[in-house]
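# Tertiary structure, described
Below, each chain spelled out in residue letters.
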Amino acid sequence: MASGKVRYWAAAKAAAGVAEEEFEAATLGELMTKITAGRAELARVVSRSSFLIDGSPVGKRPHEEVELHDGVTVEVLPPFAGG
């Protein structure tokens, strides 16, 4: 089990109600389950988001296979609009 922090950006920040929070989880999949429990709007945003693990994109890897380590920072990046 790793501990770290998750940072929310844009719509994810609004849905979470905080900019960041501490967590304990072994994988990105487990983290997503924990942070969205009882937070329907955050679950909706997260389902469309991309993720960075210590600055590196997760891409299309299955979240259950993305292992987390102690001190990790996970960033939740919802789709951005603009030009």
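Just above sits the structure.
Okay, so let's go over this structure. (Residues numbered from 1 in each chain as written. Predicted model: local features only at pLDDT ≥ 70, side-chain atom pairs only at ≥ 80, totals over all residues. Heavy atoms only, no water.)

Once that is clear, we can look at the side chain of T36. Here T36 lies in helix α2 (residues 28–36). Only 2.7 Å separates the side chain of T36 from the backbone oxygen of M32, close enough to count as a polar contact. Those residues in contact with T36 that sit more than four places away from it in its chain are L42, A43 and V46. (Helix = DSSP H or I, 4+ residues; strand = E, 2+ residues; numbered from the N terminus. Polar contact = N/O pair within 3.5 Å; in protein donor to acceptor, adjacent residues only side chain to side chain. Contact = heavy atoms within 4.5 Å.)

Before going further, it helps to spend a moment on the side chain of E75. Within the secondary structure, E75 sits in strand β5 (residues 72–77). Lacking a salt bridge, the buried E75 has R7 as its closest oppositely charged neighbour, with an N-O distance of 4.3 Å. Here the side chain of E75 touches W9 through a polar contact of 2.8 Å, side chain to side chain. (Buried < 20%, exposed > 50% of the residue type's maximum accessible area, 1.4 Å probe, protein only. Lys, Arg positive; Asp, Glu negative; His and termini not counted. Salt bridge = Lys/Arg side-chain N within 4 Å of Asp/Glu carboxyl O.)

With that out of the way, let us pick up the pattern of salt bridges. A complete count under the given rule lists five salt bridges for this structure. Here R39 makes a salt bridge to E21, at a shortest N to O gap of 3.0 Å. Taken as a pair, R39 in the loop between α2 and α3 (40–46) and E21 in strand β2 (residues 20–25) lie far apart in primary sequence, 18 residues in all. Residue classification places R39 among the partly exposed residues on the basis of a relative accessible area of 23%. Judged by its relative accessible area of 23%, E21 is partly exposed. Note that R44 is salt-bridged to E41, the shortest N-O span being 2.6 Å. Here E41 and R44 lie together in helix α3, a separation of three residues that amounts to about one turn. Relative accessible area serves as the criterion here: at 41%, R44 is assigned to the partly exposed category. The partly exposed category is assigned to E41, whose relative accessible area is 39%. Ionic contacts of the salt-bridge type, sharing partners, join the residues K5, R7 and E20 into one network.

What is shown is where atoms sit, not what they do.
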